[in-house]
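# Coordinate analysis (summary)
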Amino acid sequence: MRKKTVIANWKMNYDFHETTSFIRNFLKFVFERKINHNKEIIIAPSFPFLHISNQILQGTTLNIAAQNIYQKDEGAYTGEVSAPMLKSIGVQKVILGHSERREFFFEKNNVLLEKIKIALKYSFNIIFCVGESSIERSNNQQFEVVKNQLKETVFHCSSDEIKFFHIAYEPVWAIGTGTTATFEQVQTMHEFIRSLFFKKYGENISNKISILYGGSINDFNAKNFFSQKDIDGGLVGKSSLELEKFLKIVES
Ligand code: PGA
């Protein structure tokens, strides 16, 4: 049985005070309202607040994730943040391949593979995002696109390394738009992704790999997504920035 996971991807939102008070209030409400979520909960704040967030979450079951890493160990790469730097402040998870990184920062599959390799070198858990654009979906290329994204990145990893992954299916047309994919569209894609893992790594890994959905998840639709057979949770953007909404999502 795969455990459900909910990840708050805060992107470039929230300053120090907003980050710390959200996390403190979240913990307080979960405790006071006895919220029974049975899920792995991960919060991905901006780089400067990972350390304090991690300190606040010490002793709880919640975890943090970085939203990116650079693909080198160290060196003259002004403005970048390395895996060992994050590791030194206790970060153990990272989101890679998000469509905003692909689109605005031109991260191609070859660079993403380098990021995967460095993340694995420092034993990070990786939330790896895949997903097609609206044009690709209207041309019915979604399966081919997602297959290729995996083939050129994650599928270069060994069976042992795959244990470090969550896959997040995030159709680009559903991110931040308020337009969600239908449950059927997502379930079909997740089943397809699982079948690719089956072909590449066999039954055991394909049964175990956690496949999350992301794209306009909110407090109303979360329950339906999370109840689909192959949807193992969600990567939540906008709705994770509102405390009450996020509490409902983790409760879904
Ligand atoms: P959204 O973002 O929930 O605002 O659509 C999801 C994501 O980008 O991970």
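Structure's up top.
Owing to the predicted nature of the structure, the values given are computational and were not obtained by experimental measurement.

## Some points on the overall build of the chain
The secondary structure content of the chain amounts to 12 helices and 8 strands. By the burial criterion, 52% of the 252 residues in the chain qualify as buried. Within the chain, counting contacts between residues at least 6 apart in sequence, those at least 24 apart form 73% of the total. Accessible area of the chain: about 12100 Å², with a carbon and sulfur share of 52%. Put simply, the chain has 31 plus and 27 minus side-chain charges, and the middle of one group is 4 Å from the middle of the other.

## Regarding the site of the ligand
The environment of the ligand is made up of 13 residues, and the closest members are Lys11, His98, Glu170, Gly176 and Ser216. Side-chain polar atom of Asn9 to an oxygen atom of the ligand: 3.4 Å apart, as the coordinates give it. Note that an oxygen atom of the ligand is positioned 2.7 Å from one of the side-chain N or O atoms of Glu170. For the ligand, whose free accessible area comes to 280 Å², the fraction covered by protein is 98%. Of the residues that constitute the shell around the ligand, the class distribution is 4 nonpolar, 6 polar and 3 charged.

## A few points about the nonpolar core
Membership of the largest hydrophobic core comes to 67 residues, with the highest contact counts inside it found for Phe165, Ile167 and Phe197. With 6 residues, helix H9 (residues 183–201) is the largest single contributor of residues to this core. Beyond its immediate chain neighbours, meaning those up to four positions away, Ile167 contacts Phe128, Val130, Leu150, Val154, Ile193, Phe197, Ile209, Ser210, Ile211 and Leu212. Counting residues in hydrophobic clusters, the runner-up holds 10 residues, among them Ile42, Ala65, Ala168 and Leu212.

## What about the pattern of salt bridges?
On inspection of all chains with the given rule, the structure shows 15 salt bridges. Taking the shortest distance from any N to any O, the salt bridge between Lys115 and Glu107 comes out at 2.8 Å. Among the residues examined, Lys115 registers a relative accessible area of 2% and is labelled buried. Judged by its relative accessible area of 6%, Glu107 is buried. The closest approach of N and O atoms between Arg194 and Asp232, which form a salt bridge, is 2.9 Å. In this pair, Arg194 sits in helix H9 while Asp232 sits in the loop between helix H11 (222–226) and strand S8 (233–236), placing the two residues 38 residues apart along the sequence. Comparing Arg194 with Asp232 shows no difference in burial state: the two are buried. Among the ionic contacts, a cluster of salt bridges with common partners joins Arg2, Arg194, Lys229, Asp230 and Asp232.

What counts as what
- Residues numbered from 1 in each chain as written.
- Predicted model: local features only at pLDDT ≥ 70, side-chain atom pairs only at ≥ 80, totals over all residues.
- Heavy atoms only, no water.
- Helix = DSSP H or I, 4+ residues; strand = E, 2+ residues; numbered from the N terminus.
- Buried < 20%, exposed > 50% of the residue type's maximum accessible area, 1.4 Å probe, protein only.
- Contact = heavy atoms within 4.5 Å.
- Areas by Shrake-Rupley, 256 points an atom, 1.4 Å probe, with all protein chains shown as cover.
- Lys, Arg positive; Asp, Glu negative; His and termini not counted.
- Charge placed at Lys NZ, Arg CZ, Asp CG, Glu CD.
- Near = heavy atom within 4 Å.
- Polar contact = N/O pair within 3.5 Å; in protein donor to acceptor, adjacent residues only side chain to side chain.
- Nonpolar A, V, L, I, M, F, W, Y, C, P; charged D, E, K, R; others polar.
- Core = buried A, V, L, I, M, F, W, Y, C linked by side-chain atoms within 4.5 Å.
- Salt bridge = Lys/Arg side-chain N within 4 Å of Asp/Glu carboxyl O.

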